[in-house]
Structures are given as C-alpha cells and as structure tokens.
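Remarks on the overall topology
The chain contents come next:
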Amino acid sequence: MNILESCLKNIKASDREMQIEVKEFWDALGKPLGSLGTLEDLAIQIGGITGKLQNKVDKKAIIVMASDNGIYEENIASSPQEFTAILAENTAKGITGVSTIAKYVNSDVFVVDVGIMRDLENETIINRKIAYGTKNFLKESAMSYEDAIKAIEIGIEETDQLCNLGYNLIGVGELGVANTTTSSAVLTALTGLDVDITCGVGAGLTSEQLELKKRVIKEAIEFHKPDQNDPIDIISKVGGFDIAAMCGSFLSAAKNRVPVVIDGFISTIAAICAVRLDKNVKDYIIPSHQSKETGAIKALEELDLEPMVNLKMRLGEGSGCPLAFQIIDLSLFIQENIGTFEDLNIDSSILLDMRKK
C-alpha cells in the first residue's frame, strides 16, 4: 500500500463525544454561556481532535513548502523567480516574516524544498526536490499525475515526522513565485467559479498583468479540462508542488490527530484539496486569518470556515499560523485556569445561553 492510500485509510472523524464533554466543561465555567465564542469553539474542536478533555500545545511548528512554477514564463508574477530560493534560504535563517512572527510565539519553522529552480546552500532546508520547478501549464500539464501524488506523499512524510517528534500544533505555509496563479487555477477548477472571483493581484500585479493572469488560467483550464472531482488531477494539470505537499501536510495532521492551521489563500487551496480527498480532514483544520488576496473569502467559504482575525495581511509564507497559535494557546489556558460557577458562588441557572442570541 502506498503512502497516500495508507494515510487516507487511517484518517478518522474527530471524537464527537469528547467535544460534548468539553462543551459541558466550558458551560460550567464562570462566564455567560457561550460568551467567549471562538475561544470556546477552539477548545471544543481540539478536544475532539485529541480525545482529551484538557489539552496543551507545548510544541508548535510551521512547515513551509517551497517550489517554483513554470507558469512564471507567462509574465504573470511581479517578482523575479529567484525570490523563491532567496526567501527559502532567509526563512531558514530566521529573518523573514514568518520566521520572525514564529519566534514571537515560540514556534519552530521547517522549510521543505519540493521544487525550487536551483539547489540551495542552507543545510537546514529539507531537500525533497521533485524537479526544478513545474512545467508551464498553459502549454502542458504542470506535472505528471504520479509526481502530484509524490508531492502529496512528501507532505505526508515530513508532517508525520513532525508529529513523531512530538509537535502537537502544526501550521502550513508556502513559498513560490507565481503560486497565486496556480492556486487561483486550482480553485477555479475545483469550484467552477469565474476567474474574476478566484484571481487577484498576488504580490502586486499591474492591471494589464492581472488581465493576462485571468486569461492564462481560463485558457489552461479549457485546454486541460481537469476533472472537478479529482483534486490530484487538478493539481497535476494546473497546480504546483507546494500545493500538493501542503495537501499532504493536512492529510498527515488528520491521520495523526494533531490540529493543523491554515495560513492564507494558497494554504486554503491545499486544505480544500485535502478535504476533497477525505471529508474528515476538515475536523482537524483551523483557519487563521482572512487573506487580502481575491478568492480567499470564497476559498474559506468552500470549507465552510471563518477566519479568526482580519489584519489585512497578504504575506503568505505561513505568517498567519503563529497568530492563530496565540489564540489557540489562550483558549486552552482559559479552560485550564478560569473558575467555575461553583468556585465563584454564582447560580448559573439564571443565565441565558449567548449562543442562542
């Protein structure tokens, strides 16, 4: 049995009985019922994930999948392709946006090269390179179906390793010039939405480049006719190695019963692909922030998830994950430390349930 098949076979729904137990525990805490909103929902979700009433996330990691994209040839990116390699090396050094925010919340960052255009010098970067970038999907499939599976399995293996090392909260991010184009193409193929909805300016396109980007995506989908019901087919035809590897990370986290955080737009597309492969994966996914990228709202709607915060960010890299880590930490700290109605000598029977308002 291959790695992907084995992973899918071992993904189970979260523990619904424990979710009920955690909810009842929160309802006994000294506050109006449901008054802490998402903070309560997070604790309930994590209880269902782990099967435990009390939880701590004391070992956090962000896994950053890095790859280049052949569609860059069509002049649909604002940055030089070399930026992927430069950012990967500097993320590993700890001086990029995601690395800096991760330090603040005491999270480790792991960079995985699944398809950067050149070899990298930083030995801390995990080398799982499939090829030196994908193909130009306007002219041919971005990758073979087999390589799409291989990239997913790399994500599974690398995230399995983090789980085996005791990481109990994982965030998923990416690096790759032109990967808002691949992500918009995948979202369009998955949902049938118009490119005006799925396609945005990425890291900063001119209006002419944006129109070109939309046209490229439309023509590529018409050319390849990806199977809307097969996310692997879609990734292979118009996606990227980074999207596939992130998809694998979400699958692995679900298999290992570890909560996993979505970053922004591109990470969300990978999460949709994972949920399409197994609907139970959604139980393990926690959204972080609302990306400013066009299509990000629709992508989260596809998962029926709401972002925790909106800081008007569009950095990518996994930078939204440590923001969510802080809120998750707070949720579990409150559950462990706040007094009960009995401790406060309050009769809770007179209180209204805020969730019914």
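The present account deals with the structure reproduced in this document. Predicted, not measured: the structure shown is a model, and the values here were computed from it. (Residues numbered from 1 in each chain as written. Predicted model: local features only at pLDDT ≥ 70, side-chain atom pairs only at ≥ 80, totals over all residues. Heavy atoms only, no water.)

Quick notes on helix α4 (residues 82-93)
- Spanning 12 residues, α4 covers 17 Å between terminal C-alpha atoms, matching the ideal 16 Å at 1.5 Å per step.
- Those residues of α4 that fall on the buried side of the exposure criterion are Thr84, Ala85, Ala88, Glu89, Asn90 and Thr91.
- For α4, the secondary structure elements touched by its buried residues are β1 (60-67), α5 (97-104), β2 (107-115) and β4 (169-175).
- Immediately downstream of α4, the backbone of glycine 94 shows phi near 90 degrees, a positive value. (Helix = DSSP H or I, 4+ residues; strand = E, 2+ residues; numbered from the N terminus. Expected span 1.5 Å × (residues − 1). Buried < 20%, exposed > 50% of the residue type's maximum accessible area, 1.4 Å probe, protein only. Contact = heavy atoms within 4.5 Å.)

So, the sheet that holds strand β5 (residues 260-262)
- Read across the open sheet, the six strands follow the order β3-β2-β1-β4-β5-β6; overall the sheet is parallel. Every interior strand has two partners, whereas the edge strands, β3 (126-127) and β6 (285-286), have only one.
- Where α5 meets the sheet, its contacts fall on β1 and β2, and the angle it forms with β2 comes to roughly 155 degrees. (Pairing = 2+ DSSP bridges. Axes fitted to C-alpha atoms, helices over the stretch in contact; angles between N-to-C directions.)

Quick word on the pairing of β4
- Most of β4 sits inside the fold, with seven of its seven residues counted as buried.
- Along β4, one buried face is formed by Leu169, Gly171, Gly173 and Leu175 and the opposite face, lined by Ile170, Val172 and Glu174, is buried too.
- As paired strands, β1 and β4 are joined by seven bridges and run parallel to one another. Bridged to valine 64 within β4 is glycine 173.
- As defined by bridge partners, β4 adjoins β5 across three bridges and the pair is classed as parallel. Note on β5: the bridge partner recorded for isoleucine 170 is valine 260.

A word on the environment of isoleucine 221
- Mapped onto the fold, isoleucine 221 is located in helix α9 (residues 207-224).
- For isoleucine 221, a relative accessible area of 19% gives the class buried.
- Here the alpha-carbon distance between isoleucine 221 and lysine 237, two residues 16 residues apart in the chain, equals 8.5 Å.
- Not counting the four nearest positions on each side in its chain, isoleucine 221 is found in contact with Ala185, Thr188, Ala189 and Pro226.

Remarks on the packing of helix α7 (residues 179-191) against helix α10 (residues 231-238)
- Taken N-terminus to C-terminus, the directions of α7 and α10 make an angle of 140 degrees; their axes are 10 Å apart at the nearest point. Note that α7 runs across α10; the crossing there is right-handed. Mapping the contact onto sequence places Thr182, Ala185, Val186, Ala189 and Leu190 in α7 and Pro231, Ile234 and Val238 in α10.
- A class-by-class count of the residues in the contact of α7 with α10 yields seven nonpolar, one polar and no charged. (Left-handed = near helix turned anticlockwise from the far one by under 90°. Nonpolar A, V, L, I, M, F, W, Y, C, P; charged D, E, K, R; others polar.)

A few points about the nonpolar core
- Membership of the largest hydrophobic core comes to 74 residues, with the highest contact counts inside it found for Phe250, Leu251, Val281 and Ile285.
- Top contributing element to this core by residue count: helix α11 (residues 241-255), with 10 residues.
- With residues up to four places along the chain from it excluded, the contact list for phenylalanine 250 reads Val172, Val260, Val261, Ile262, Ser267, Ala270, Ala271, Ala274, Val281 and Ile285. (Core = buried A, V, L, I, M, F, W, Y, C linked by side-chain atoms within 4.5 Å.)

Some points on the packing of aromatic side chains
- Scanning the entire structure with this criterion turns up one aromatic pair.
- Between the aromatic rings of phenylalanine 110 and tyrosine 167, the centroid separation amounts to 5.7 Å while the plane-to-plane angle is 85 degrees, which identifies the pairing as edge-to-face. On the criterion of sequence distance, the pair formed by phenylalanine 110 in strand β2 and tyrosine 167 in the loop between α6 (145-164) and β4 is long-range, its members being 57 residues apart.
- Residue classification places tyrosine 167 among the buried residues on the basis of a relative accessible area of 7%.
- One residue, lysine 59, lies across the ring of tyrosine 167, its end atom 4.7 Å from the ring centre. (Phe/Tyr/Trp six-rings, centres within 6.5 Å; stacked < 30°, edge-to-face > 60°. Lys NZ or Arg CZ within 6 Å of the ring centre and 35° of its normal.)

Considerations on unusual backbone geometry
- One non-glycine residue, asparagine 106, adopts positive backbone phi at about 60 degrees.
- Counting through the fold element by element, asparagine 106 comes out in the loop between α5 and β2.
- Unlike most non-glycine residues, glutamate 317 shows phi in positive territory, near 70 degrees.
- Along the polypeptide, glutamate 317 turns up in the loop between α13 (296-303) and α14 (321-337).

Notes on helix α2 (residues 16-27)
- Helix length check: α2 (12 residues) gives 17 Å between terminal C-alpha atoms against 16 Å at 1.5 Å per residue, within 8%.
- Residues of α2 that are buried include every one of Met18, Gln19, Val22, Trp26 and Asp27, and no others.
- Residues of α2 that are buried in the fold lie against α3 (37-50), α14 and α15 (341-344).
- Two or three places before glutamate 17, at the opening of α2, aspartate 15 has a side-chain oxygen 3.1 Å from that residue's backbone nitrogen. (Polar contact = N/O pair within 3.5 Å; in protein donor to acceptor, adjacent residues only side chain to side chain.)

A look at the environment of phenylalanine 223
- Tracing the backbone shows phenylalanine 223 in helix α9.
- Along the sequence, phenylalanine 223 and cysteine 273 sit 50 residues apart, while their C-alpha atoms lie 21 Å from each other.
- When residues no more than four places from it in sequence are discounted, the contact partners of phenylalanine 223 are Leu138, Lys139 and Glu140.

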